[in-house]
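Residue-level listing of the chains:
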Amino acid sequence: MEEQLKKQFGERIKKDFNISPYFTLKMQTKAEFYIEALSIDDWKEIVQFTSINKIPFFILGGGSNIAVLRNVIPGLVVRNRYMKKEIVQETEEYTDLLLSSGYPMSLVVKETTDAGLSGFEYHLGLPGTLGGAIFMNSKWTKPVSYVGDSLVEGTIMDREGNVRREKREYFSFAYDYSRLQDTREIFLEGVFRLRKEDPDALKKRAQDSLAYRKETQPFGVATGGCFFQNISQEEKELHNLPTTSAGYLIDHAGLKGHQEGAFVVSDKHANFVINTGQGKPEDLQKMLNLIKSTIKEKYGVDLKEEVQVV
Ligand SMILES: Cc1cc2nc3c(=O)[nH]c(=O)nc-3n(C[C@H](O)[C@H](O)[C@H](O)COP(=O)(O)OP(=O)(O)OC[C@H]3O[C@@H](n4cnc5c(N)ncnc54)[C@H](O)[C@@H]3O)c2cc1C
């Protein structure tokens, strides 16, 4: 595999590459092979090559929603660094803006609010890339706003490297869900319809949601965000629970502050696991198992990971 990859991509291929810094949870892990994709042509070349040569590949965006439970990710890890922004069309009311999947969400929010374009302002403080946020349909809940809300159409690639465009409906966005999670297609870029509004009003909304985030969540620490999805309304009723909040259940099971190696359950918000040092994948696995089994035992509920477990 090494020879094939080096022949095709030369020095761009890194072997046994330390990818820990690219995850917000910072667990210690490596990529068997690693490459960065900088354009759609890059993505095509990489995906077609891996498909023909049957090399497994893993897409890494901003690494803010991934828990790696192994020391090495086998095959090729492709980190998305494709950056593009272009106005497609404009009316008095809105702008259709093309944004690439490798665009960091922090820049998406800053640049659109500065330009007086509404659609992303509640996501100030959301880490990661636009591609990861579309894959996850990342959300803000006060008020409810999903990253997929303003998508008009997206350009996607299948696992053989074929590119096509799909309208918003194709993505079947729902809570923490887009169809890409089932098809494993790659989101390359999208056109977003953004309403024109006063930039100061947008910046105020953005700052208010950031302030709320800082008040309620651990901030500036190594974490993967909320680890588990909230339970459904039906489960809440079935088990006679006061809330659907996974954080509440973990907290009331007495797990705040629980430690496995360098990983600890946050004191501020029990659905956040924090890496306080050189956290190892096996300790993260132990933490995950312990939380799930404790909640099952105490409440009869099966918690489902919100983070993508690799
Ligand atoms: C401090 C903190 C706060 C957070 N707050 C929120 C929040 O408010 N709301 C919320 O919903 N989430 C939140 N998250 C979770 C996370 O930030 C989001 O899910 C984020 O949008 C993931 O983007 P990413 O680029 O980091 O994706 P990654 O973590 O890199 O990847 C996540 C998944 O998407 C896949 N993927 C990535 N890019 C693509 C692509 N272009 N095409 C296809 N698949 C792709 C990956 O293979 C992986 O399976 C938070 C996380 C942290 C650490």
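Residues numbered from 1 in each chain as written. Predicted model: local features only at pLDDT ≥ 70, side-chain atom pairs only at ≥ 80, totals over all residues.

Visitor: Is there a simple way to think about unusual backbone geometry in this case?
Guide: In terms of backbone geometry, most residues other than glycine have negative phi values and most peptide bonds are trans. The omega torsion of the bond from lysine 142 to proline 143 falls at 0°, within 30 degrees of zero and hence cis. Along the chain, proline 143 turns up in the loop between β9 (139-141) and β10 (144-146). Not every positive phi belongs to a glycine, and aspartate 16 is a case in point at roughly 45°. By the element assignment, aspartate 16 lies in strand β1 (residues 14-18). Judged by the 10 C-beta atoms lying within 10 Å of it, aspartate 16 is exposed. Look at arginine 184: it is not a glycine, yet its phi comes out positive at around 60°. Within the secondary structure, arginine 184 is located in the loop between α5 (180-183) and β13 (186-196). (Helix = DSSP H or I, 4+ residues; strand = E, 2+ residues; numbered from the N terminus. Buried ≥ 20, exposed ≤ 12 C-beta atoms within 10 Å, placed from the backbone.)

Visitor: What am I meant to see in the environment of phenylalanine 187 here?
Guide: Topologically, phenylalanine 187 is positioned in strand β13. The spacing of phenylalanine 187 and cysteine 226 is 39 residues in sequence and 23 Å in space, taken between C-alpha atoms. Excluding anything up to four places from it in sequence, phenylalanine 187 contacts Ser101, Gly131, Ile134, Phe135, Gly154, Ile156 and Leu180. (Contact = placed C-beta atoms within 7 Å.)

Visitor: Looking at this structure, I do not really get helix α2 (residues 40-52). What am I missing?
Guide: An α-helix turns once every 3.6 residues. As a result, residues three or four positions apart point the same way. The terminal C-alpha atoms of α2 lie 18 Å apart, and with 13 residues this matches the ideal 18 Å at 1.5 Å per residue to within 8%. When α2 is considered as a whole, its buried residues turn out to be Trp43, Ile46, Val47 and Thr50. For α2, the arc enclosing every buried residue in end-on projection is 90°, short of the 170-degree limit, so these residues lie on one face. The exposed residues of α2 that point more than 90 degrees off its buried face are Asp41 and Ile52. Looking one or two residues past α2, lysine 54 carries a phi angle of roughly 55°, positive in sign. (Expected span 1.5 Å × (residues − 1). Arc of directions from axis to C-beta.)

Function cannot be inferred from these measures alone, as they are strictly geometric.
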